[in-house]
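Structural overview
Here is what each chain is made of, one letter per residue.
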Amino acid sequence: MIWYIARRIIYLIPTLLVVSIIAFAVIQLPPGDFLASLISKAEETIDQAQVDALRERYGLDEPIYMQYWKWISGIITKGDFGDSFEWNRPVSELIWERLGLTMVISLFTLAFVWIVAIPIGIYSAVKKYTIGDYLVTIIGFIGLAIPNFLLALVLMYIAFRYFGQSVGGLFSPDYIQAPWSLERVLDLLSHLWLPVIILGTAGTAALIRVMRANLLDELSKLYVDAARARGLSELKLLFKYPVRVALNPLVSAVAWIFPALVSGSAITSIVLNLQTTGPLLYRSLQAQDMYLAGSLILLVSILTIIGTLVSDILLAWIDPRIQLQ
Amino acid sequence: MTSASTPSRKDDPANLTSEIQSETRIVVANQWQLIWWKFRKHRLAMFAGLVTLLLYAVALFAEFIAPYAPGTYSAAHTFLPPQTIHLFQNTADGWRFYPHVYGHKVQVDPESFKRTYVVDEATAYPIGLFVRGEEYQLWGLFTLDLHLVGAVQHGDPVHLIGADRLGRDVLSRTIYGTRVSMSVGLVGVGLSLLLGVILGGISGYYGGPIDNLIQRTIEILRSLPTIPLWMGLSAAIPLTWPPVRVYFAITVLLSLIGWTTLAREVRGRFLSLKTEDFVIAARLDGLRELPIILRHMVPSMTSHIIASVTLAIPGMILAETALSFLGIGLRPPVVSWGVLLQEAQNVRSIATAPWLLFPGLAVVASVLALNFLGDGLRDAADPYQT
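Residues numbered from 1 in each chain as written. Chains lettered and ligands numbered in written order. Predicted model: local features only at pLDDT ≥ 70, side-chain atom pairs only at ≥ 80, totals over all residues.

This brings us to the overall build of chain B. Looking only at helices and strands, chain B has 13 helices and four strands in total. Its C-alpha atoms give chain B a radius of gyration of 27 Å, clearly above 21 Å, the size a compact globule of 386 residues would have. Dimensions along the principal axes, computed over C-alpha positions, put chain B at roughly 90 × 65 × 40 Å. Each of the 386 residues in chain B was classed as buried or not, and the buried ones make up 39%. For chain B, the proportion of contacts with a sequence separation of at least 24, taken over those separated by at least 6, is 68%. (Helix = DSSP H or I, 4+ residues; strand = E, 2+ residues; numbered from the N terminus. Rg over C-alpha atoms; globule rule 2.2 N^0.38 Å. Buried ≥ 20, exposed ≤ 12 C-beta atoms within 10 Å, placed from the backbone. Contact = placed C-beta atoms within 7 Å.)

As structure tokens, this is what we get:
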């Protein structure tokens, strides 16, 4: 097991390298170097010494690989992600809380997806071709087809129109700026249900189908018949063997659901105005605040990669055969 | 695949011959006929296929189907609500068939100056099929003025799904949006297919270190959160680019990540086909690699590839819609569903005009149709399996 984990972590290194190069490329993409845009945006003139200092700091006169090296080594050794020009603050000050909230939302959604999808998937497989099964299948398909942001808009409209309240945000107005406390956590939890449902719909729909298909494969196997012939009760039979086997591919499904969640939360957060990384990234891209944007893309990607790693390890733990491959 | 009809009485010679006939029909049928027969049994997929065809027909004949041009605006009808179609009219000598919509009167709130529309039953605008309206150029070739639906009298304000903030017809704009939204999926998938087939083919056919390299690349790409990445990349598209170039840049971006699924599918097929007897036989016959791949392996996996391609299109459509919705994908004056949904970006605008979400229905319908169609195709792709 330890060897397996070690191998997975070694595999992680090239992935992280590629991700960091992509994030750096995003920083470099807008035409012209960002100092030019900084100077054009600044209200008062920036004196030459300051420009030179920035030029030196980001290595703008040096070749592109040196710039990359300066950027990445600053992140690794000092946790220095560069400065946000729009906020006039170091990027590292802006992102951690939002990254944490993104993580919280994603994990809650993941839990929601599992709790909802597994029982429904089991039901749908056991009661194959009944009205309930068809209903679940249809709802699942529709859940897959509705884009997150559209669902968010419709739910917001319904809440506004029929309940007269404007939903959105992760905190009540009183708590937005407040320091962390128990009340703030409770307030967060009371606002979390809407984004969790919106984000979880597509994943739930997908997982129900995976669970149903897996379980159907298992149910037709001979050992199920054998166990039934020996007089095992239906419920015990179901949960003791086929469900457990059917759960395996479900764990590996987390590996692709997690990136999808983080990805989907970007847009949903913009619509619902949540204080996660999505809106910050969106605003930074519009303002061409590239160090902020690049750092966000880097960190969100790393977050997803770690999520994928965790699910891989989990899978190897549940199904030890995987370690041998 | 068994014969469709099992005779009730085996000894009836007429039944027996028909059974033999249907069995020989299956034995001699080629792969595509078998796929078609199997697909035809899947009712939902058939229906989805029809809907998909319809959507592409709408995209093709948008000018003819839409009552108005996408840019036609009228300041007098900003945020006009959808008009209900009334099929019959009550006149002095009884009910008569007279499809029409009622006009609207504007009421201005004396305090807040808010404009509200009140249905005015005194004015009825007749509507009909195949009416003469605005002139347009179909595919830039023919100048016509025939529209599938619209006001019988050219110039009557008929907005069946309402109008937007500039008084533009939402229905017409959604119909025009079909063109861009549905084709982004096709073009993007075309590019992904090219990358996926080449890389997946190399990966599956040669195996070894090349396979390992390509597989790791795919794993890396798949572990990335696509939307933040797309946001970052598409935000870098210069604002000065013409719409057509932006359109292609977006499809290239979408396919840069989209090819991985197809590559996996192709690789899996190659791996399983490589050891099939007919491929080994071809190799023993001294055929070179390229002919083996093109003449023997590719035909037997075409049906699977078509199914995967169909299933990949909805993802592209959703991605384009999401990006354009945020304003970092396609931009006006291009009309796509995502661009249209931009008008409905916050609760206030949806509360004023919920009908602006109508393009969203089109998105859901097209994604559902393509998903069902792809599912049916995937089931039918392997007709020798029961």
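Turning next to the overall build of chain A. In terms of regular secondary structure, chain A is built from 14 helices and two strands. Here chain A holds 325 residues, and the buried ones make up 35% of them. Within chain A, counting contacts between residues at least 6 apart in sequence, those at least 24 apart form 73% of the total.

What follows deals with the domain arrangement of chain B. As a measure of interface size, the accessible area lost when the parts come together is often cited. All names here are of chain B. Parsing chain B into structural domains produces domain 1 (74-165) and domain 2 (174-380). Relative placement of domain 1 and domain 2: their C-alpha centres are 39 Å apart. A class-by-class count of the residues in the side of domain 1 that touches domain 2 yields four nonpolar, one polar and two charged. (Domains from an automatic or database assignment. Nonpolar A, V, L, I, M, F, W, Y, C, P; charged D, E, K, R; others polar.)

What follows is about the interface of chain B and chain A. At the interface, 34 residues of chain B touch 42 residues of chain A. Broken down by secondary-structure element, the contributors of at least two residues to the side of chain B that touches chain A are α6 (208-222), α7 (226-234), α10 (289-326), α12 (347-352) and α13 (358-380) of chain B. At seven residues, α7(B) tops the list of elements feeding residues into the side of chain B that touches chain A. Taken together, the residues that form the side of chain B that touches chain A break down as 26 nonpolar, six polar and two charged.

Right, let's get into the packing of helix α7 (residues 148-162) of chain A against helix α8 (residues 182-219) of chain A. Residue and element names in this part refer to chain A. In contact at an axis separation of 9 Å, α7 and α8 are set at 140° when each is read in the N-to-C sense. Considering the angle they form, α7 stands oblique to α8. The way α7 lies across α8 gives a crossing that is right-handed. Counted together, Asn148, Leu151, Ala152 and Leu155 of α7 and Leu194, Ile198, Leu199, Thr201 and Ala202 of α8 form the full contact between these two elements. When grouped by side-chain class, the residues that make up the contact of α7 with α8 number seven nonpolar, two polar and no charged. (Axes fitted to C-alpha atoms, helices over the stretch in contact; angles between N-to-C directions. Parallel < 35°, antiparallel > 145°, perpendicular 65-115°, else oblique. Left-handed = near helix turned anticlockwise from the far one by under 90°.)

Bringing the sheet that holds strand β3 (residues 115-138) of chain B into the picture now. Paired through backbone hydrogen bonds, the strands of a sheet run either parallel or antiparallel to each other. Residues and elements named next belong to chain B. In spatial order, the strands read β1-β2-β3-β4; together these four strands make up an open sheet with antiparallel pairing. Edge strands, defined here as strands with exactly one partner in the open sheet, are β1 (86-91) and β4 (142-151). Averaged over all neighbouring strand pairs, the angle between strand axes comes to 60°, with direction disregarded. Relative to β3, strand β2 (residues 94-108) runs antiparallel, the two being bridged by nine bridges. By the bridge assignment, Gln107 is partnered in β3 with Thr116. (Pairing = 2+ DSSP bridges.)

Here we take up the nonpolar core. In terms of nonpolar packing, the biggest core is built from 147 residues, with A:Leu153, A:Leu296, B:Met231 and B:Ala322 touching the most fellow members. No other element matches the 16 residues that α10(B) contributes to this core. Ignoring sequence-local partners within four residues, the contact set of B:Ala322 consists of A:Pro147, A:Phe149, A:Ile267, B:Ile227 and B:Gly338. One finds B:Val101, B:Ile127, B:Ala151 and B:Val158 within the second-largest nonpolar core, a separate group that totals five residues. (Core = buried A, V, L, I, M, F, W, Y, C linked by C-beta atoms within 7 Å.)

Our focus in this paragraph is the pairing of β4(B). Relative to β4(B), β3(B) runs antiparallel, the two sharing eight bridges. The partner of B:Gly128 across the bridge, within β4(B), is B:Gly150.

Moving on, we get to the confidence of the model for chain A. The pLDDT averaged across chain A works out to 79; a share of 88% of its residues lies at or above 70. Within chain A, helix α9 (residues 222-229) of chain A carries the highest mean pLDDT (87), whereas helix α2 (residues 34-41) of chain A carries the lowest (62). (pLDDT = per-residue confidence, 0-100.)

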